[in-house]
Each structure stands twice: as C-alpha cells, then as structure tokens.
Amino acid sequence: MSNLSGKQGLIVGVANKRSISWAIAQAADRAGARLALTYVNERLEGNVRKLAETLTQPPVVLACDVTQDQQIDEVAAGLDREIGGLDFLVHGVAFAPREAITQPFLQTTRGDFQVALDISAYSFVALARAVAPLMARRGGGSLLTLTYLGSERVFPNYNVMGVAKAALEASVRYLASELGPQQIRVNAISAGPIKTLASAGISGFSDILSIYRDRAPLRRNIDAGEVADAALFLLSNAGRAVTGEVLLADAGYHAMGL
Ligand code: NAD
C-alpha cells in the first residue's frame, strides 16, 4: 500500500459516492493524507460536505467551478490560508454538452467544442498553474488527471470528449516538461469504463461495459477502487520517477487488436 502520511492533497471532481475522485479521496485518506475537496455548485455542495464528514481527517471544503478563473484563484488562496502548501492534486473533471455526445461528431458546434475542451482539458492547466507555487514550497508534488482511451480510438458517442481527452493527455506531457525542474510530476490514469454520473451521459455505455468484459485480457470490468490504488502509486513517493505518463488501468483492454 502506498503511503501518503504527512502529505496534503486537493481533490477536484467529487460529485457523489460513485465519482472516481471520491474513491481516490477515500484511498488517500486511508493512506494518511490530509485533503481538501471542492464542489462545483450549490446543488452538489451538500453531497460533497456529507461525504467529507466520513473521512478520518476533516477536509477543507471549497467551491470550484473550473470555468471561473476567480474561483480557481480563491481555491489556491484558501489552501494557502488553511493548510499552507500542497503535495498533490487530483483532477477528475469532465463535461460535454448533451448535443455534443448525442449528435454526430461532424455536427459539433463551435460553442460545444469550446465548453468541452475548456472544462475537460484547459481546467487542468489552469489548476496546475494555481497550485504549482504551493507545491514548489513543499519541494515538489504530483498532479494527476483522469482520461479515457477515447483520446486515441473512436468510441461511439464519445465524440468531442475524445478530442478533449487527447488535448488533456498532450497537456500532461507539456506540463510535465515545464514543471519537472521544480520536482512537480504530472501524470494521467486512463481508466476503463465505470458507471458514474459522467459516464451515464454516454448512450450505449452499457454495451461498452460488456464489450470490455468480453475482450479485456482480465475478462472483467474495473472498479473505481482499482483506479484509486493506481492513483496512490502516482501520488506517493512510490511513483517518484514517473512523470509525463498516461497509465492505463483498464484490465488490459487497450492491448487488444480485436
Ligand atoms: P463524475 O460525474 O462523478 O465526475 C465528473 C466531475 O466533473 C463531477 O464531480 C462534476 O461536478 C465535475 N465538473 C463538471 N463540470 C465542472 C466544472 N465546470 N467545474 C468543476 N467541476 C466540474 O464522473 P467520473 O466518471 O468519476 O469522472 C471523473 C473523471 O474520470 C472524468 O475526467 C472522466 O472523463 C474520467 N473517466 C471516467 C471514466 C468512466 O467510465 N466513468 C473512464 C475514464 C475516465
């Protein structure tokens, strides 16, 4: 088990108990980390605060809609005030307007393309910039985002989200290059399909689940706890030589040709 005792982390992307970010928060809490969690809006604030109460170390809970630069700045200021420095960030945020994942990709509007790329890819860059000084103060850190194989291959109805994930994975490499000299590592986990609020929006998602189950080398789907275990490796000192990497946690599905 990777150890995070003495480490402080910010987790952005908890909506409910099914969120992959929540599984990572629970695992990081068990591994000894002190956490800060964010909620996107007032509708989800209650959920996040209730979940936060179940952690062993009471977390700082802050508002953060990643489309708002001011809220990102306030998160960094809040962390500076409340905990003084940061060792890791988990970014588990993605969104595409409904039409963009129901209509053919060819019909993606300029506005929907911008929204999907802004929330799902640019937000990682903006958060990285905001928290890097808090990490540099601790002698380095680990930034982690969540991605999907739809960045490289076509999955029906994933559409603009696939383009956003390609941008996100390229951002991982550019950020890793620029932040490496400050000993800040930047990685992504590309997870296999898991039933969550976000994936419920992809029509035909249950077919994707069953195809993975049939064809992945491990012949099963994965759960959020398994993504969390991979995350602990990248967030902890166990992953200290790894940066600029996209780690596939998908029961091996990506390795198959058919
Ligand atoms: P989820 O719906 O629980 O998490 C998505 C989060 O994004 C939610 O917490 C939501 O509040 C947040 N979000 C959306 N717009 C936001 C905004 N403007 N500001 C701040 N937060 C915002 O679903 P999830 O499946 O846990 O998704 C987490 C990440 O994992 C996403 O990046 C997703 O693409 C990725 N992922 C999911 C799967 C899967 O099958 N579930 C597979 C691979 C990768």
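Reading the values: rules and limits
- Residues numbered from 1 in each chain as written.
- Predicted model: local features only at pLDDT ≥ 70, side-chain atom pairs only at ≥ 80, totals over all residues.
- Heavy atoms only, no water.
- Near = heavy atom within 4 Å.
- Polar contact = N/O pair within 3.5 Å; in protein donor to acceptor, adjacent residues only side chain to side chain.
- Areas by Shrake-Rupley, 256 points an atom, 1.4 Å probe, with all protein chains shown as cover.
- 1 Å grid on protein atoms, 1.4 Å probe; cavity = no way out; pocket = protein on both sides within 12 Å on 5 of 7 lines; lining within 4 Å.
- Sits in = over half its atoms within 2 Å of the grid points.
- Points joined across faces, edges and corners; volume = space filled by probe spheres on them.
- Nonpolar A, V, L, I, M, F, W, Y, C, P; charged D, E, K, R; others polar.
- Helix = DSSP H or I, 4+ residues; strand = E, 2+ residues; numbered from the N terminus.
- Contact = heavy atoms within 4.5 Å.
- Expected span 1.5 Å × (residues − 1).
- Buried < 20%, exposed > 50% of the residue type's maximum accessible area, 1.4 Å probe, protein only.
- Arc of directions from axis to C-beta.

> What should I look at first to understand the site of the ligand in this one?
Close to the ligand lie 28 residues; Gly13, Ser19, Lys165, Ile194 and Thr196 are nearest. Residue Ile194 places a main-chain N or O atom 2.8 Å away from an oxygen atom belonging to the ligand. Within the side chain of Thr196, an N or O atom sits 2.6 Å from an oxygen atom of the ligand. In isolation the ligand offers 810 Å² of accessible surface; the protein chains occlude 92% of this area. Judged by the fraction of its atoms near the pocket grid, the ligand is located in the largest pocket.

> Teacher, can you tell me more about empty space enclosed by the protein here?
Empty space among the atoms can be located by rolling a probe the size of a water molecule over them. Inspection of every chain in the model, using the stated rule, returns one cavity of 30 Å³ or more. Roughly 30 Å³ of internal volume is contained in the largest cavity. What lines the largest cavity is simply Gly192, Pro193, Tyr212, Ala216, Arg220, Asn221, Ile222, Asp250 and Ala251. Tallied by class, residues from the lining of the largest cavity come to five nonpolar, two polar and two charged.

> Would you mind showing me how to read the environment of Cys64 here?
If you trace the backbone, Cys64 turns up in the loop between strand E3 (60-63) and helix H3 (69-82). Along the primary structure Cys64 and Pro97 are separated by 33 residues, whereas in three dimensions their C-alpha atoms are 19 Å apart. When near neighbours in sequence (up to four residues on either side) are disregarded, Cys64 contacts Thr38, Tyr39, Val40, Gln71, Ile72 and Val75.

> When you look at H3 in this model, what are you seeing that I'm missing?
Note: α-helices contain 3.6 residues per turn, so residues at a spacing of three or four share the same orientation. Taking 1.5 Å per residue, 14 residues should reach 20 Å; H3 reaches 20 Å between its end C-alpha atoms and fits that length. For H3, the complete set of buried residues consists of Ile72, Val75, Ala76, Gly78 and Leu79. Within H3, the buried residues cover an arc of 160° as seen down the axis, which keeps them to one side. Residues Gln70, Asp73 and Arg81 are exposed on H3 and point more than 90 degrees away from its buried face. Among the structural elements, strand E1 (8-12), strand E2 (34-39), E3 and helix H4 (110-136) are those in contact with the buried residues of H3. Count one or two residues on from H3 and you reach Gly84, which has phi positive near 80°.

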